[in-house]
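Structural description and commentary
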Amino acid sequence: MSLSPERKILTSTHWGIYELHIENSALVAVKPWAEDPEPSPIGQSLPGAIDGPVRIARPLIRKGWLDKTSREATPRGRDAFIEVSWDEALGIVAAELDRVRQQYGNQAIYAGSYGWASAGRFHHAQSQIHRFLNLIGGYTSSENTYSSAAGEVVLPYIIGNQYGLVSHYTTWEQIASHGELVLAFGGLPGRNSQIQGGGVGRHLHNASLQRAVEQGVRFINLSPCRDDMPENIPSEWLPLRPTTDSALLLALCYELIQQQRYDKAFIERFTVGFEQISAYLRGDNDGIVKDAAWAAAICQIPEAKIRELADLIASHRTMVMVNWAIQRAEFGEQPYWAAVTLAALSGDIGLPGGGFGFGYACLNGVGQNELGYRWPSLPQGKNPVAESIPVARLADMLLAPGDEYDFNGMTRRYPDIRLVYWAGGNPFHHHQDLNRLVKAWQQPETIIVQEPFWNATARHGDIILPVTTSFERNDIALVNRDNTIVAMKKALPAFREARDDYHIFQSIAQQLGIEENFTLGRTAEEWVEDLYEQSRKRNPLLPPFDQFWQEEVVTFAQPASHYNLLEDFRADPARCPLMTASGRIELYSQPVADYGYTECPGHAVWREPEEWLGAPLARTYPIHLLSPQPADKLHSQYDHGKVSQSAKIHGRNRLLMHPLDAQHRGIVAGDVVRIFNSRGQCLAGVKLSDAMMPGVAQLPTGAWFDPLYQDGECLDKQGNPNVLTQDKGSSRLSQGPSCNSLLVEIERYISRLPEITAFTPPQILRRCQNVKE
Ligand SMILES: Nc1nc2c(c(=O)[nH]1)N[C@H]1C(S)=C(S)[C@@H](COP(=O)(O)OP(=O)(O)OC[C@H]3O[C@@H](n4cnc5c(=O)[nH]c(N)nc54)[C@H](O)[C@@H]3O)O[C@H]1N2
Ligand SMILES: Nc1nc2c(c(=O)[nH]1)N[C@H]1C(S)=C(S)[C@@H](COP(=O)(O)OP(=O)(O)OC[C@H]3O[C@@H](n4cnc5c(=O)[nH]c(N)nc54)[C@H](O)[C@@H]3O)O[C@H]1N2
Ligand SMILES: [Mo]
């Protein structure tokens, strides 16, 4: 396991397996793994991006924190840093953790530490930080994900678990063999299926779609953006206004019922709540009939088209697919509930290739064979602290300690957080309304950040500990949903003074007297071997560890799966009841109704959000801005890399807008524009595309937050959409993020272009000389 000057080393990333070419301890080239049929170009961002000034070289402490000046005088994010030794930094971290837990209790430490970190299951930052903090008395944690919180909370009420959202998808193989019609809400963008958390073996998404096409499956792309369907997959595009999917789905339900073309036998035998939902659709209480004409006015798909769609559904084996983006919105639970309702009415649930599923292009593994077991992970132990928040309520918690809030039928209070500890995530990427986050972030007494790169989260911390990248340590990639395991051998020496998260926590554990409990006396390499041995218990066909480590990659044959979601329930509902209140699919949920949330009553509804194209606010901010995942990177990772940089326009994130919207505003392709609303403003470079529905624009996530503070205002220079998004729970049920409910205005930017500073380190002072480096 030692370094040598010239080598080729296989490694795993969240976007694929690559061969790293190393010369003189530097990464000179990256080649995709030979067995990947459709490798992701994102790997080409790595050469040149792993070292350099954008890496954090040494431990640092914010000057104002050391000097104990007020946060008004030296706010986080605008202060200089002082370099310190590891000994000093670790001593301060241990003392701070101890002080806060003694003075306020462990719940005063927030370490949800949400984020994707890197592939590699031992050096997985979240597992490391949680394991460590659990051993010193725990921390306030977070629940659910930024990806699909609304779905994660509502789906168990409807079908009893999260099947079809995070696992147990009807396979593409079944859709190709038996399906006839795919309604793809939000399309099936190939760019997103490049990714799988923990790593991707082979990219199979496009081949799966293609096979379905060859077998005669018809695809309909229901999305504001035509490009959400890969070019090589023939499909009909029905553009609809963002966040109106539930209206369309409900109208399709109405039409099926009205025309008596729904599957009565299925509804009677397998569902509850038909009466309540049909009364709503007929308008018994509100006088509004939810028919095709009603939905057409909301979503802008012509009435006749909606009727035609209802016809198609009634006469074909139909799969209703809704992506995750659609539920990252105000009332994001509704399109999922409406989709299950429609699939139930079609009678195709549990039949081969039919029914519903959420997120079919969100990750590479969705709809592929599932292993049937989970690979082992680093044991995190148990958190003695009960406090937790819905993950996207971060700023609310920091701004309003002690305040009450509703969540999933409970009333809770936000804990009073004194110390925030983050490792492996970038809240200044993932959170909404960043100007509000900047304010909330000033509240805690201490913020500790473990990061390899000088991104905005590192710049907004107090104690900054430089971390190795996954290429600088030995690890193992256990790819869930895939028959591939990779020995991630250390390919590069640690950058400057960077250390592994494990090593950092080990040192702090030592100071707090729990080192042995944390390490169990093992080195990192022994942990990696242990994870492999645990894996062999799950799959005895795996070769011995030494052979695996030498061969670098293990793949094994996996029998094809013919899984269809809820087929066992359909075959024998008495023996395989659902874990819902009634044991059936709940088109109406009494438990949800009993919570009394008007925005999320007991069945699927259409509710008018505050920000959508039909809202009064659209007169001031007439463009609906979507912030999809970036094609050229994973979230904010390697925004400074070649692939991401070459997609920028004048160094700014690329805004996709319709030529008509541009023309009205005197904007031409290649212009830099200012995008703004009441919450914030950012710059972006314009690309015109008639693949966008007029009135809708797309600004992908991932551009590093690069604030310019002027006259009391903040202008984000690079184009991070989260300076514009609203920080509001999707509903009281799930409290998920609602970033896709977002109205803005756009204008040409005529002032002198401010220089991008996101990739230049902040001011760093040497302690004794107090001079700039
Ligand atoms: N507007 C808007 N916002 C969104 C979304 C959206 O659609 N629109 N999508 C949301 C979704 S679905 C998600 S999942 C989130 C993603 O948000 P995040 O997961 O927070 O984003 P990443 O950029 O992947 O952040 C991972 C960080 O970990 C660091 N890192 C990598 N390896 C290591 C390691 O070994 N140790 C340590 N300590 N650090 C490491 C990386 O450098 C990076 O800064 O964003 C959410 N935000
Ligand atoms: N390349 C790349 N791939 C990724 C990621 C990445 O960062 N980079 N991140 C991964 C992660 S963590 C996640 S959670 C998944 C997320 O997967 P998704 O949530 O599905 O991804 P998005 O790209 O946000 O949205 C997909 C499309 O939905 C459409 N859309 C948005 N709002 C609406 C709406 O209201 N109605 C309809 N009908 N369509 C709408 C948009 O046009 C957008 O292009 O992607 C994963 N894949
Ligand atoms: Mo996500």
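Residues numbered from 1 in each chain as written. Chains lettered and ligands numbered in written order. Predicted model: local features only at pLDDT ≥ 70, side-chain atom pairs only at ≥ 80, totals over all residues. Heavy atoms only, no water.

Here we come to the domain arrangement of the protein. For the protein, the assigned domains are domain 1 (60–140 + 385–555), domain 2 (160–367) and domain 3 (616–748). A C-alpha centroid distance of 27 Å is found between domain 2 and domain 3. Listed by partner, the interface residues are 25 residues for domain 2 and 25 residues for domain 3. For the pair domain 2 and domain 3, the summed buried surface comes to about 1900 Å²; carbon and sulfur atoms form 55% of the total. On the domain 2 side of the contact with domain 3, R328, E330 and E333 bury the most area, a combined 31% of that side's loss. One can count two salt bridges joining domain 2 with domain 3. Among the ionic pairs, R226 bridges to D690, the shortest N-O distance being 3.0 Å. At the boundary of domain 2 and domain 3, one finds 13 residue pairs in polar contact (both at pLDDT 80 or more). Looking at the side of domain 2 that touches domain 3 residue by residue, the class counts come to 11 nonpolar, six polar and eight charged. (Domains from an automatic or database assignment. Contact = heavy atoms within 4.5 Å. Buried area = accessible area lost by both parts, 1.4 Å probe. Salt bridge = Lys/Arg side-chain N within 4 Å of Asp/Glu carboxyl O. Polar contact = N/O pair within 3.5 Å; in protein donor to acceptor, adjacent residues only side chain to side chain. Nonpolar A, V, L, I, M, F, W, Y, C, P; charged D, E, K, R; others polar.)

Time to look at the UniProt feature "domain: Molybdopterin dinucleotide-binding" (unreviewed entry) in the protein. UniProt records the feature "domain: Molybdopterin dinucleotide-binding" (unreviewed entry) at residues 624–741, using the numbering of this structure. Overall, residues 624–741 shows 8% helix and 26% strand. The separation of its end C-alpha atoms is 8 Å. (UniProt positions renumbered as here; feature names shortened; annotations may be inferred. Helix = DSSP H or I, 4+ residues; strand = E, 2+ residues; numbered from the N terminus.)

Applying the stated criterion across every chain yields a total of 46 salt bridges. Residue R55 pairs with E472 through a salt bridge whose shortest N-O separation is 2.8 Å. With a gap of 417 residues between them, R55 in the loop between β3 (26–32) and β4 (60–62) and E472 in the loop between β19 (463–466) and β20 (475–478) connect regions that are remote in the sequence. Looking at R55, the relative accessible area reads 2%, which means it is buried. For E472, a relative accessible area of 2% puts it in the buried group. Of the charged contacts in the structure, one is a salt bridge between D462 and R76, with a shortest N-O distance of 2.7 Å. Highlighted residues: D462 in the loop between α16 (456–459) and β19 and R76 in the loop between α1 (63–67) and β5 (81–83), separated in sequence by 386 residues. (Buried < 20%, exposed > 50% of the residue type's maximum accessible area, 1.4 Å probe, protein only.)

The environment of ligand 1 is formed by 33 residues, the closest being S118, H430, E451, R473 and S636. A distance of 2.3 Å separates an oxygen atom of ligand 1 from a polar side-chain atom of E451. Within the complex, the protein chains bury 98% of what would otherwise be the 930 Å² of accessible surface of ligand 1. Those elements giving two or more residues to the shell around ligand 1 turn out to be α14 (427–430) and β18 (446–451). (Near = heavy atom within 4 Å. Areas by Shrake-Rupley, 256 points an atom, 1.4 Å probe, with all protein chains shown as cover.)

Taken together, 31 residues lie near ligand 2, and R191, D228, T243, D245 and H635 sit nearest. Note that an oxygen atom of ligand 2 is positioned 2.6 Å from one of the backbone N or O atoms of T243. Within the contact set of ligand 2, a nitrogen atom lies 2.7 Å away from a side-chain nitrogen or oxygen of D245. Here ligand 2, which alone exposes 920 Å², has 99% of that area covered by the protein. Of the residues that constitute the shell around ligand 2, the class distribution is 16 nonpolar, 10 polar and five charged. Residue assignment places the shell around ligand 2 across two domains, with domain 2 (160–367) and domain 3 (616–748) each supplying three or more.

Moving on to the packing of aromatic side chains. Taken as a whole and assessed by the stated rule, the structure comprises 35 aromatic pairs. Seen in terms of ring centroids, F122 and W527 are 5.9 Å apart; in terms of plane orientation they differ by 15 degrees. Their pairing is stacked. Within this pair, whereas F122 is found in the loop between β6 (109–110) and α3 (125–135), its partner W527 is found in helix α19 (residues 524–538), the two being separated by 405 residues in sequence. Classification of F122 as buried rests on a relative accessible area of 0%. Taking relative accessible area as the criterion, W527 reaches 1% and is therefore assigned buried. (Phe/Tyr/Trp six-rings, centres within 6.5 Å; stacked < 30°, edge-to-face > 60°.)

Before going further, it helps to spend a moment on helix α2 (residues 86–104). Look at α2: 27 Å from first C-alpha to last across 19 residues, which is about the 27 Å you get at 1.5 Å a residue. If you check which residues of α2 are buried, you get W86, A89, L90, I92, V93, A94, E96, L97 and V100. After α2 finishes, the residue G105 shows a positive phi value of roughly 95 degrees. (Expected span 1.5 Å × (residues − 1).)

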